[in-house]
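Structural overview for review
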Amino acid sequence: MAPNVAAGADTFPKLLIRNANIYGARPAMRHKDLGIWQTWTWSQTLDIVRAYAVGLHRLGVKRGETIAIVGGNRPKLYWSVMAAQMLGAIPVPVYADAVADELAYVLAHAEVRFAAVEDQEQVDKILSVVKRVPKLGLMLYDEKRGLRDYDHSRLRSIDEVIKDGRNVLDDTAVAAWLDYEIAASKGTDPSIILYTSGTTGTSKGVVLKNESSIRAAADTVAFDKLTENDVALAYLPLAWVGDHYLNYAQGMVSGFCTACPESPDTAMTDLREIGPSFYFAPPRTLEQLLTRVMIRMEDAGFIKRRLFHYFIGVARRYGERILNGESVPPNRRFLYAIGNVLVYGPLKNVLGFSRVRIAYTAGEAVGPDLFSFYRSIGLNLKQLYGQTEAFLYVTAQPDGEIYSDTVGPACPNVDIRIADNGEVQFKSPGMFSGYFKDDAKTAEVMTPDGYVKTGDAGFFDEKTGHLKIIDRTKDVGKLNDGTLFPPKYIENKLKFYPNIREAVALGDKRDFVAVMLNIDLTAVGSWAERNNVIYGSYQELAGHPLVYDMLEKHVSEVNRSLAEDKVMAGAQIKRFLILHKELDPDDGEITRTLKVRRGFIAERYAPLIKALYDGSKEADISTEVTFEDGRKGTISARVKIRDMKTVAAPAMGKAA
Amino acid sequence: MRATGGPAVAVGDVLLSVENVSLSFGGVKAVSDVSFDIRKGEIRAIIGPNGAGKTSMLNIINGFYHPQKGRIIFKGETRARMRPHDAAYGGIARTFQNVALFRGMTALDNIMAGRTLKMHSNFFWQLLRYGPAMREEVDHRHRVEEIIDFLKIQEIRRVQVGRLPYGLQKRVELGRALAMEPELLLLDEPMAGMNLEEKEDMSRFVLDVNDYYGTTIALIEHDMGVVMDLSDRVVVLDHGIKIADGTPDEVKQSEAVVDAYLGVAH
């Protein structure tokens, strides 16, 4: 593949035309429909998108206008993005599982007149808030089911729009007009507005430009040597920068094939069938996969179980070193090869990883055990660090330089510096041009000399030269005695235990550190089953004394590890409790990308937090919950609190 | 096309009528002198307190029981004594109060089983799974995939139904009934034992089946909210006797119904 891959194409529509020219017969997109994988080549895709764009124009879509894209990873929604860009309109993807309120905010803020939506569910959701989105005119839907009796004055099926466009495109004058429109788009025009998930408050619209997006993607495509022969499965939210970057932008630049799962719940099976070569998964997904594998192994027969544990042991000792290309004695290599035939190969096959050449994880800190497990079985898993504002990549680990506690050196053409307060700041080819309609916020995150403030505290590791991220700058607090308190650092240590799904650490401006925990229902449920612990609900299991005992052990191990570091020894956990309900994005407790919203939780669980610090043994709490359809209910519970012993800090000299 | 018996019935016309039907088991009168009709294209609910004779009524329509008195007219023809598979050929499919699936088979195979009556290639070809049998199977599989898509159960296609949660088993069972492309679909407590969310999903599917396939549906259900929201007309049984018949609103007003459900003040 030519290194200067994006030559001559400064916008995505021009890239699409280039792909149709040079990769014409190669698959661009796959989607499983009625149980059979359907394929569209690059030249077919171009045909469809051209027709779609003309159809959209005939409905009144104009240059510079915004079009909302609401739904899952489906070809027609990706084509909607492409067709909008072809007209110079700006697509605004919205999270498919956003509740009506969030949806209304984004649609109104982005001033959309059109929305391409997946199905009846999304149509209903938009209709329920249509009064708050005064500019919205037409909705275009992919799935017609259930919409027959709806008022079609504001609804069109995407198929119809494409068909309508195709009929008109027969006229050469129309085709020439479209060519002119495509040529008229400039690289400096906005290509998309991605709304952030809003870890802090309401979401902001990050405006990205055609040319800078393509340049950023070209850099990482070259970095990971992606070609038109690669395949990726697009199973993460369409509205998330990760999907737009990793699958859409990189796919357009390198010409690789993006496969869409049959439905959101079939991603596991589809992964296995497609066998992608490029794979991204957040640490949480990797964790769930591993938990599932381990649980199934517990139920396997004696011989299989012994075989599995023996060879996983071999992999843990030598697998990573083999993957990194380090020297390993030949007899160990041989043992690993046998393990590969008997265990790792079949395991990767079941997980759909057989052909994965490059895998990334990012978003949260990844547990060292978890990370090395996947690497040891031969999956080239790497870490990257990025942001929507950067159009994803800031740093990424190159092959051969992989560490579980770093996020890698700066990506090609990215400048990183650490501010005096420890904040990571960067300047990159893909960086955004500003928040949509919000200059004040844009000014807040940009330094006068053009760097973007990430809001993350970090430092460069002296040994490796890689960046390490500790926590959000504004979250790093202090206990009353002056001890440093980075909540996320403590929470991550807790979350590395499979039994703990979520943790919230408290301590800023307080006397000691206390934590609230969420158990992992899969792991603890399976443990309960094996140990004859009977429970009727999540709440009951979470409050079980034996579960408390188990988590107490985890917490005391974390305390021990905190005590090893003299800076952190004072931040050991003195008290903890297990929450009666799972933290849920529908209730606003965590974001759609599953990040904890501290301020909101502090308010919502005030009675529990009060009890943690006033010495009570238990506390009553009643919380409002929101169901998926938006209705509300309440859950009340009495939550127990446990005291913890702390470990004495090591002698000053020893702690280094 | 559908292997149905009688002439086609237009939407809104009577598809099936039950006339003065009585059924007793020894001395126990399960159903006495009940008459009502089911019109083409509607959702008809049969409700009543425990032991009111609802399931017996469904079994009579289904041909599993033959009433001692009265008659059943289906598509304009009085029905003779028959067996359930005759009813199935006639275009009546049903689901059961307690899920009755082949537990060791996958969801896909269970739904394929619903197509059995529509298979025409002979035993020889089916044994070879070649030629006409293969072509037919591909065609049937396509129909089944449409149903799987319709019911949104793609992710469990290859899962043994015995391992599925109850709500999903119910959905697979509905899928199998739909695979028969029935003209009349009988649902025996489709939402029994479900949580609120599953109930809402199921209600949505029942409405969609009625709307999309145009299937006439007769259902038994205990959840009054569900019945009142879903059905076009409701017939109420109590101790085997019909005590009310009409739209959900009419039935709600009926004093006899209130008495049957809440008891009478003495």
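What you see is a predicted model; the values in this text were computed from it and never measured.

What about the overall build of chain A?
Per the secondary structure count, chain A includes 21 helices and 27 strands. Taking 656 residues into account, the globule formula puts the C-alpha radius of gyration at 26 Å, and chain A, at 26 Å, falls close to it. Oriented by its inertia axes, the alpha-carbon framework of chain A measures out at about 80 × 65 × 55 Å. Across the 656 residues in chain A, those meeting the buried criterion constitute 48%.

Points about the sheet that holds strand β18 (residues 434-435) of chain A
In any sheet, the strands associate via hydrogen bonds between backbone groups, in a parallel or an antiparallel arrangement. Residue and element names in this part refer to chain A. The strand order across the open sheet built from 3 strands is β8-β9-β18, with neighbouring strands paired in antiparallel fashion. Bordering the open sheet on either side are β8 (190-195) and β18, each of which pairs with just one other strand. The sheet contact formed by strand β9 (residues 205-209) and β18 spans 2 bridges and is antiparallel. Paired with valine 207 across the two strands is glycine 434, which belongs to β18.

Brief notes about the interface of chain B and chain A
Facing 10 residues of chain B, the contacting portion of chain A comprises 10 residues. Every element with two or more residues in the side of chain B that touches chain A is listed here: α5 (132-150) and α7 (196-213) of chain B. For the side of chain B that touches chain A, the element with the highest residue contribution is α5(B), accounting for 4 residues. Considered class by class, the residues forming the side of chain B that touches chain A number 1 nonpolar, 2 polar and 7 charged.

Details of the pairing of β8(A)
All names here are of chain A. By the criterion of burial, β8 is predominantly enclosed, with 6 of the 6 residues buried. As paired elements, β8 and β9 share 5 bridges and run antiparallel to each other. Paired with tyrosine 195 across the bridge in β9 is glycine 205.

Looking at the sheet that holds strand β16 (residues 415-418) of chain A
All names here are of chain A. Ordered in space as β16-β17-β19-β20, the 4 strands form an open sheet in which the pairing is antiparallel. Single-partner strands in this sheet number two, and they are β16 and β20 (467-472). Averaged over all neighbouring strand pairs, the angle between strand axes comes to 50°, with direction disregarded. Bridge count between strand β19 (residues 452-460) and β20: 5 bridges; the pairing is antiparallel. When the sheet's bridge partners are listed, alanine 457 is paired in β20 with aspartate 471.

Some details on the nonpolar core
When a protein is soluble and globular, its nonpolar side chains tend to lie buried together. All names here are of chain A. Counting 145 residues, the largest nonpolar core has Ile67, Val94 and Ala115 as the members making the most contacts within it. Per-element accounting of this core gives the leading share, 9 residues, to helix α2 (residues 42-59). With residues up to four places along the chain from it excluded, the contact list for valine 94 reads Ala68, Ile69, Val70, Leu103, Val106, Tyr195 and Ala239.

Comments concerning the packing of helix α1 (residues 12-22) of chain A against helix α3 (residues 75-86) of chain A
Residue and element names in this part refer to chain A. Two elements in contact, α1 and α3, have axes whose closest approach is 8 Å; the angle formed by their N-to-C orientations is 110°. In terms of axis orientation, α1 runs roughly perpendicular to α3. When α1 is examined against α3, the residues Phe12, Pro13 and Leu16 are found in contact with a partner set consisting of Met82, Gln85 and Met86.

Observations regarding the confidence of the model for chain B
Residues and elements named next belong to chain B. On average, residues of chain B carry a pLDDT of 87, and 96% of them reach 70 or more. For chain B, per-element mean pLDDT is lowest for helix α4 (residues 123-128), which scores 76, and highest for strand β8 (residues 216-220), which scores 94. At the level of chain-chain contacts, confidence expressed as ipTM amounts to 0.76, with global pTM at 0.80.

Structural notes on the packing of helix α11 (residues 283-298) of chain A against helix α14 (residues 368-376) of chain A
All names here are of chain A. Look at α11 against α14: their axes get within 10 Å of each other, and the N-to-C directions meet at 70°. By the criterion of interaxial angle, the relationship of α11 to α14 is roughly perpendicular. Facing Pro283, Leu286, Glu287 and Leu290 of α11, the residues of α14 in contact are Leu370, Phe373 and Tyr374. For the contact of α11 with α14, a count of residues per class yields 6 nonpolar, no polar and 1 charged.

A few points about the environment of Gln154(B)
Position of Gln154(B) relative to the elements: it lies in the loop between α5 and α6 (166-179). Taking the C-beta count within 10 Å as the criterion, Gln154(B) has 23 such neighbours and is therefore assigned buried. The sequence separation of Gln154(B) and Leu108(B) amounts to 46 residues, and the corresponding C-alpha distance is 9.2 Å. With near-sequence residues (within four places) excluded, Gln154(B) lies in contact with Glu262(A), Ser263(A), Thr266(A), Ile148(B) and Asp149(B).

So, how was this worked out
- Residues numbered from 1 in each chain as written.
- Chains lettered and ligands numbered in written order.
- Predicted model: local features only at pLDDT ≥ 70, side-chain atom pairs only at ≥ 80, totals over all residues.
- Helix = DSSP H or I, 4+ residues; strand = E, 2+ residues; numbered from the N terminus.
- Rg over C-alpha atoms; globule rule 2.2 N^0.38 Å.
- Buried ≥ 20, exposed ≤ 12 C-beta atoms within 10 Å, placed from the backbone.
- Pairing = 2+ DSSP bridges.
- Contact = placed C-beta atoms within 7 Å.
- Nonpolar A, V, L, I, M, F, W, Y, C, P; charged D, E, K, R; others polar.
- Axes fitted to C-alpha atoms, helices over the stretch in contact; angles between N-to-C directions.
- Core = buried A, V, L, I, M, F, W, Y, C linked by C-beta atoms within 7 Å.
- Parallel < 35°, antiparallel > 145°, perpendicular 65-115°, else oblique.
- pLDDT = per-residue confidence, 0-100.

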